[in-house]
Amino acid sequence: MYSFDYQRPPTIEEAATALASSPDAKVLAGGQTLLPTMKQRLARPSVLIDLGGIAGLQSISRKDGMLVIGAMVTHHAVANSQEVKSAIPHLADVAENIGDPQVRNRGTIGGSLANNDPAADYPAAALALGATFKTSQRTLSAEDFFQGLFTTALKENEILTEIHFPIPKRFGYARFSNPASRFALAGVAVAETAAGVRVAVTGAGADGVFRVPAMEAALSKSFAVSAIAGIAIDVKLLGSDIHAGADYRAQLIKVMARDAVTMAAS
Amino acid sequence: MKVTLTVNGQSVIEDIEPRTLLVQLLRDRLQLTGTHVGCDTSQCGACVVHVDGRAIKSCTALAVSCEGTKVITIEGIGTEDHLHPMQEAFREHHALQCGYCTPGMIMSSIDIVNRKGHKLDEHTIREELEGNICRCTGYHKIVKAVGAGAAAMAKSSA
Ligand SMILES: Cc1cc2nc3c(=O)[nH]c(=O)nc-3n(C[C@H](O)[C@H](O)[C@H](O)COP(=O)(O)OP(=O)(O)OC[C@H]3O[C@@H](n4cnc5c(N)ncnc54)[C@H](O)[C@@H]3O)c2cc1C
Ligand code: FES
Ligand code: FES
């Protein structure tokens, strides 16, 4: 790992100022992605701004029909939060199935969403639920936030602070894991909120997390497994790698969508 | 940069580079070499320690991020004369061969008991040990030991 300076500011404002004032500064959340990347010398920040000292980023609450989760809330905390379990029970399950217990104790929801790994679980959940992203500068919709592989709308000096999840009528998420890494080969999130039905896919898209309009239309008419049985996924949208070909991923998406609908409907 | 934390009940103040990993502070500065580095890529769990009561991989945490915390390593859970019940269970059930993964396995196992209680079924133990890799044993005896150690911890804390 190259050397760097380190700061642990107590407020978002000070963190934002520190981030803006040094070129190549980077925010550190749980470090479960960033530290391995720095060890491989794929990232070389001049300064790390540790968000771990900002108490305001670590709370979970319910506000105006929304479940509000602070960016620094760990996967472990989401998985075990009564607030999350009562508002969106299967969102707690999403968190419980990320990585292993040690990763869940440090990895954060904000770090996962800001990183936008094409195989990460939270992006699918956030896109299906139509979450809103609050940052140190503005508010973004999920559509605007996710911009492709490892890319989001966050600017260099912008900090993700809160994620606001609409409380859905129903929500389910099913993942087919790579047997070695346990990351999703295909993960499908299905949500019905006041804004309608949305289906989002992770792990499989050539350009990261994406929605499936045909499934959304079918489930809007009838929220049942039978409604999506005949819907095929365009393989041109999907990635192919040593772990799975696009055609296999297309099939997995259908099966995971079925499981997610079953979970949501139960 | 100065970092102050408590390690196995002792207050520690060290002057370190920000890039120092927690495992480097423990092994290289404090000579607590029971905590191992198996992969250095957050996969194997040989480096697991407890920070403020939670198991983490110390190869994937900056020591400076642990400012003000209480760290417990494998050296801090028992003594040679009085092994921790989980250590005793690993010995009793022959849950190690080379022993490289063992400190991390034991720290993770104690964390499982802290979160899930003293009655652990095999499925739970296997799921919860996802972050710990053993190249020798084939896991069966580890799983047995964790179940027995969990039960023994109930008795010893009673
Ligand atoms: C062994 C292992 C298994 C894993 N398995 C899974 C899995 O099954 N599913 C899954 O989804 N993930 C998995 N992960 C990834 C894990 O969820 C990470 O915790 C997560 O991707 C990054 O979160 P973090 O808090 O560690 O962020 P960090 O590593 O600290 O940061 C990641 C990136 O986001 C930026 N960032 C962080 N927070 C903010 C913020 N608030 N505002 C702006 N930018 C920010 C950082 O600058 C950095 O570029 C796994 C990781 C490991 C090591
Ligand atoms: S050395 Fe830390 S997980 Fe392998
Ligand atoms: S006993 Fe050798 S790696 Fe587990």
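The model shown is predicted, which means the values in this text are computed figures rather than measured ones.

Novice: When you look at the overall build of chain A in this model, what are you seeing that I'm missing?
Specialist: Each helix and strand counted, chain A has twelve helices and twelve strands in total. Over its C-alpha trace chain A gives a radius of gyration of 18 Å, about what one expects of a compact globule, namely 18 Å for 266 residues. Structurally, chain A occupies a C-alpha span of about 55 × 45 × 30 Å along its principal axes. Burial statistics for chain A: of 266 residues in total, 55% are counted as buried. The contacts in chain A between residues at least 6 apart in sequence include a share of 58% that link residues at least 24 apart.

Novice: Could you clarify how one ought to interpret the sheet that holds strand β5 (residues 70-72) of chain B in this entry?
Specialist: Strands pair in a sheet through their backbones, by hydrogen bonds, and they do so in one of two ways: parallel or antiparallel. Residues and elements named next belong to chain B. Strand order across the open sheet formed by five strands is β2-β1-β5-β3-β4, with mixed pairing between neighbours. The open sheet has two edge strands, β2 (10-15) and β4 (54-57), and neither has a second partner. Along the sheet, successive strands turn relative to each other by an average axial angle of 40°, direction set aside. Pairing between strand β1 (residues 2-7) and β2: six bridges, direction antiparallel. Its bridge partner being in β2, lysine 2 is matched across the sheet by aspartate 15. Contacting β3 (48-51), β4 and β5, helix α3 (residues 102-116) runs over the sheet at an angle of about 40° to β3.

Novice: What is the right way to look at the layout of surface pockets in this model?
Specialist: To find leftover empty space, one rolls a probe the size of a water molecule over the atoms. Looking at the second largest pocket, its volume works out to about 590 Å³. If you trace the second largest pocket, you find 28 residues lining it, with Gly52, Gln58, Thr74, Asn105 and Arg106 of chain A closest to the centre. Within the residue set of the lining of the second largest pocket, elements represented by two or more residues are α3 (75-80) and α6 (101-106) of chain A together with β4 of chain B. Looking at side-chain class alone, the lining of the second largest pocket contains eleven nonpolar, eleven polar and six charged residues.

Cut-offs applied
Residues numbered from 1 in each chain as written. Chains lettered and ligands numbered in written order. Predicted model: local features only at pLDDT ≥ 70, side-chain atom pairs only at ≥ 80, totals over all residues. Heavy atoms only, no water. Helix = DSSP H or I, 4+ residues; strand = E, 2+ residues; numbered from the N terminus. Rg over C-alpha atoms; globule rule 2.2 N^0.38 Å. Buried < 20%, exposed > 50% of the residue type's maximum accessible area, 1.4 Å probe, protein only. Contact = heavy atoms within 4.5 Å. Pairing = 2+ DSSP bridges. Axes fitted to C-alpha atoms, helices over the stretch in contact; angles between N-to-C directions. 1 Å grid on protein atoms, 1.4 Å probe; cavity = no way out; pocket = protein on both sides within 12 Å on 5 of 7 lines; lining within 4 Å. Points joined across faces, edges and corners; volume = space filled by probe spheres on them. Nonpolar A, V, L, I, M, F, W, Y, C, P; charged D, E, K, R; others polar.

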